[in-house]
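This is what each chain is made of:
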Amino acid sequence: MTLYDQPAGKPRAQLKSGKVDAHGNLVAYYKVTRNTVLSAAFAGDYRYAPRTATTRATLTPTVRTAMQYPLATTRIGSTTYQVFYKSEVNMGFDLRVTPRQSGGCTTVYLEHYYSGAWHPAASQSCVPLYADGWYGYGRALKLFASNDHYRIRGHYTPPTKDAQTTGVWSQWTYLTIRPGSPS
């Protein structure tokens, strides 16, 4: 029996070849770093015809987010909010996709809470990640209403050709902007 791996965008390679054990198993270890097709091929013998079985291992990346320089946090109900002040110039939001991806893009969604529901406030559509897997989004704090609630998150979209991973959302990050300067 022969075991093969074929990571997205790469040719198929032999992982291991050998005889199966008494239970019909051949074991190999493989670290999945991108979407990969794994297959086991039996060449056949005098009793059984040749056969190949395949399976797909899909890797979902992680999108981590961080606010740049909030001055405090506060709890509103059961949610933690990052606190910014109007005296600051910009609010910054960083996204990092791991494992680092080549190609693909990220989209940032900002929502504003009013009239009892979340409403779209701004978005930045499908911009390429930096070479190190990061993307930084900034927005002027003067564009936010004082003492209102906002939330922001990002989405990673892999390139359509030879995608190494699937798309994924980050968690929501909540923020509030207070008037004036911090005391």
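Residues numbered from 1 in each chain as written. Predicted model: local features only at pLDDT ≥ 70, side-chain atom pairs only at ≥ 80, totals over all residues. Heavy atoms only, no water.

**Digging into the sheet that holds strand β4 (residues 51-57)**
Backbone-to-backbone hydrogen bonds join strands into a sheet, with any given pair of strands oriented parallel or antiparallel.
Logical step 1: The strand order across the open sheet built from four strands is β2-β1-β3-β4, with neighbouring strands paired in antiparallel fashion. Among the strands making up the open sheet, the edge pair consists of β2 (13-17) and β4. Within this sheet the neighbouring strands show an average axis-to-axis angle of 20°, counted without direction.
Logical step 2: Summarising the sheet, strand β1 (residues 2-7) and β2 pair through four bridges and their orientation is antiparallel. Of the residues in β2, the one forming a bridge with Y4 is Q14. (Pairing = 2+ DSSP bridges. Helix = DSSP H or I, 4+ residues; strand = E, 2+ residues; numbered from the N terminus. Axes fitted to C-alpha atoms, helices over the stretch in contact; angles between N-to-C directions.)

**A short note on the packing of aromatic side chains**
Logical step 1: Applying the stated criterion across every chain yields a total of six aromatic pairs.
Logical step 2: Clustering of aromatic rings is evident, with ring pairs tying together Y81, Y113, W118 and Y174.
Logical step 3: The positively charged end of R151 is found above the aromatic ring belonging to W172, 4.0 Å away from the centroid. (Phe/Tyr/Trp six-rings, centres within 6.5 Å; stacked < 30°, edge-to-face > 60°. Lys NZ or Arg CZ within 6 Å of the ring centre and 35° of its normal.)

**Some details on the state of the cysteines**
Logical step 1: All told, the structure shown has one disulfide when counted by the stated rule.
Logical step 2: For C105, the disulfide goes to C126, at an S-S distance of 1.6 Å. On the criterion of sequence distance, the pair formed by C105 in strand β9 (residues 105-114) and C126 in strand β10 (residues 117-128) is long-range, its members being 21 residues apart. (Disulfide = S-S within 2.5 Å.)

**Brief notes about the pattern of salt bridges**
Logical step 1: Taken as a whole and assessed by the stated rule, the structure comprises one salt bridge.
Logical step 2: For E111, the salt bridge goes to R151, with nearest N and O atoms at 2.8 Å. In this pair, E111 sits in strand β9 while R151 sits in strand β12 (residues 149-157), placing the two residues 40 residues apart along the sequence.
Logical step 3: Given the relative accessible area of 16%, E111 is considered buried.
Logical step 4: On the accessibility criterion, R151 (14% relative accessible area) is buried. (Salt bridge = Lys/Arg side-chain N within 4 Å of Asp/Glu carboxyl O. Buried < 20%, exposed > 50% of the residue type's maximum accessible area, 1.4 Å probe, protein only.)

**A short note on the sheet that holds strand β5 (residues 62-68)**
Logical step 1: Reading across from one edge, β5-β8-β11 is the order of the three strands in this open sheet, with antiparallel pairing throughout. Strand pairing shows two members of the sheet lacking a second neighbour, β5 and β11 (134-140), which therefore form its edges. When strand polarity is set aside, the average angle formed by the axes of neighbouring strands in this sheet is 20°.
Logical step 2: Relative to strand β8 (residues 90-98), β5 is paired through seven bridges, and the arrangement is antiparallel. Opposite Q68, over in β8, you have G92 as the bridge partner.

**What to know about the environment of P70**
Logical step 1: Relative to the assigned elements, P70 resides in the loop between β5 and β6 (72-76).
Logical step 2: Residues P70 and G18, 52 residues apart in the sequence, show an inter-C-alpha distance of 57 Å.
Logical step 3: Every residue in contact with P70, bar those within four places of it in the chain, is listed here: Q82, V83 and F84. (Contact = heavy atoms within 4.5 Å.)

**Describing the confidence of the model for the protein**
Logical step 1: In the predicted model, the protein carries a mean pLDDT of 87, and the fraction of residues at 70 or more is 96%.
Logical step 2: Mean pLDDT per element in the protein: β5 is the minimum at 84, and β2 is the maximum at 93. (pLDDT = per-residue confidence, 0-100.)

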